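Topology and contacts: notes
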Amino acid sequence: MAVFHFLFDLNHFGFIHQNFYNDPFWTRQRACIVTLFLLCAGLGQAVALDQGQRWPRFWPRWAQVAGCALLVSIGSYLMFPKSFIYFGVLHGIAVMLLIVRSTSNWGRWLWPLGAAALVLPLVASHPFFDSRWTNWTGLVTRKPVTEDYVPLLPWVGVMWWGFAAGQWLLRRHRAWLTGDVAVLVRPVAVLGRWSLSFYMLHQPLLIGLLMAYVALRKG
C-alpha cells in the first residue's frame, strides 16, 4: 500500500506519468490492496470477538476509524477539492464494521451472504444510486469522481468472508492465528498492530517529503 501510494504521489508531482485511474495495471493493484485490507479487517473482528471484545470495547476503536475517515475527507478536500474522498476505504470500513459485528452470529450464512454482496452490484445497479448521497451503496452505473471509492457493495462481502474465514480458522487451525510471531516478521507485526496509525501518517509524510524536495529543487 505504501509503495503504491508513493508511486501515486510521484505521479501527482510529475516525476512519473501514469494513469492510476484507468490503467488496469494500477487499478488491479488497488483492488488487491483493498481486498487484503477488508479481509484482514474481517478476520481481525473474528479474533476480537473470540478474545471477548464486546460492544463497550468495540465503540472506542470504531470511533477512531470513523474519526480518521473524517480527517481523510478534510485532508483530501484541501488537496483535491474537485475529487476529495467522501467514501473511501476508512469510511467503508466504519460502516462495514457495524454490519459485520451485527451479523457476527450468522455462522455459515456469511459465506453465501458475502457472495450475494459481490454479485448484487452487477445485477442491481441503477442511475438513482449515481448521486453523491447514494453512491456509497455501490449500486452505481458509473464510478464517481473521487480519489478513493470503497462502497458498501460489493466490499462488505469481502469483509464478511474475512470474518467467516477467521471464525473457521479459530475452530480448525487456531494456532495459525494465536501462535507466536516468527522473529523474522516481528518488525512487520509491529506495523500491523499500529495499522491505523501507519495508514494515517504515511501519506502526509510521503507528500511532505516530496513537497520539500520540489521546493528545494526550485530554490
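Residues numbered from 1 in each chain as written. Predicted model: local features only at pLDDT ≥ 70, side-chain atom pairs only at ≥ 80, totals over all residues. Heavy atoms only, no water.

1. Points about the packing of helix α3 (residues 55-79) against helix α9 (residues 195-218)
At a minimum axis separation of 10 Å, α3 and α9 run at an interaxial angle of 15 degrees. Looking at the two axes, α3 sits roughly parallel to α9. As for the relative orientation of α3 and α9, their crossing is left-handed in sense. Note on element contacts: α9 touches α3 through Ser 195, Leu 196, Met 200 and Ile 207, opposite Arg 61, Gln 64, Val 65, Cys 68, Leu 71, Val 72 and Met 79. For the contact of α3 with α9, the residue count by class is eight nonpolar, two polar and one charged. (Axes fitted to C-alpha atoms, helices over the stretch in contact; angles between N-to-C directions. Helix = DSSP H or I, 4+ residues; strand = E, 2+ residues; numbered from the N terminus. Parallel < 35°, antiparallel > 145°, perpendicular 65-115°, else oblique. Left-handed = near helix turned anticlockwise from the far one by under 90°. Contact = heavy atoms within 4.5 Å. Nonpolar A, V, L, I, M, F, W, Y, C, P; charged D, E, K, R; others polar.)

2. Focus on α9
With 24 residues, α9 ought to run about 34 Å at 1.5 Å a step, and its terminal C-alpha atoms sit 35 Å apart, in line with that. The largest bend in α9 is about 25 degrees, located at Leu 201, with the proline Pro 204 one to four residues further on. Listed as buried for α9 are Leu 196, Tyr 199, Met 200, His 202, Gln 203, Leu 206, Ile 207, Leu 210 and Val 214. (Expected span 1.5 Å × (residues − 1). Bend = angle between axes of the 7 residues up to and from the residue. Buried < 20%, exposed > 50% of the residue type's maximum accessible area, 1.4 Å probe, protein only.)

3. Some remarks on a nonpolar patch on the surface
A surface patch of nonpolar side chains, about 560 Å² in accessible area, is lined by Leu 70, Leu 71, Ile 74, Tyr 77 and Leu 78. Tracing the backbone shows Leu 71 in helix α3. (Patch = residues over 30% accessible without salt bridge, like charges linked within 9 Å, V, L, I, M, F, W, Y side chains within 5 Å. Areas by Shrake-Rupley, 256 points an atom, 1.4 Å probe, with all protein chains shown as cover. Salt bridge = Lys/Arg side-chain N within 4 Å of Asp/Glu carboxyl O.)

4. Re helix α4 (residues 89-102)
Across its 14 residues, α4 extends 20 Å between first and last C-alpha, which sits within 8% of the 20 Å expected from 1.5 Å per residue. Of all the 14 residues making up α4, 10 are buried; the element is thus mostly covered by neighbouring parts of the structure. Looking only at α4, the buried set comprises Val 89, Leu 90, His 91, Gly 92, Ile 93, Ala 94, Met 96, Leu 97, Val 100 and Arg 101. The inward-facing, buried residues of α4 contact α2 (24-50), α3, α6 (152-172) and α9.

All quantities given are derived from atomic positions and should not be read as evidence of function.
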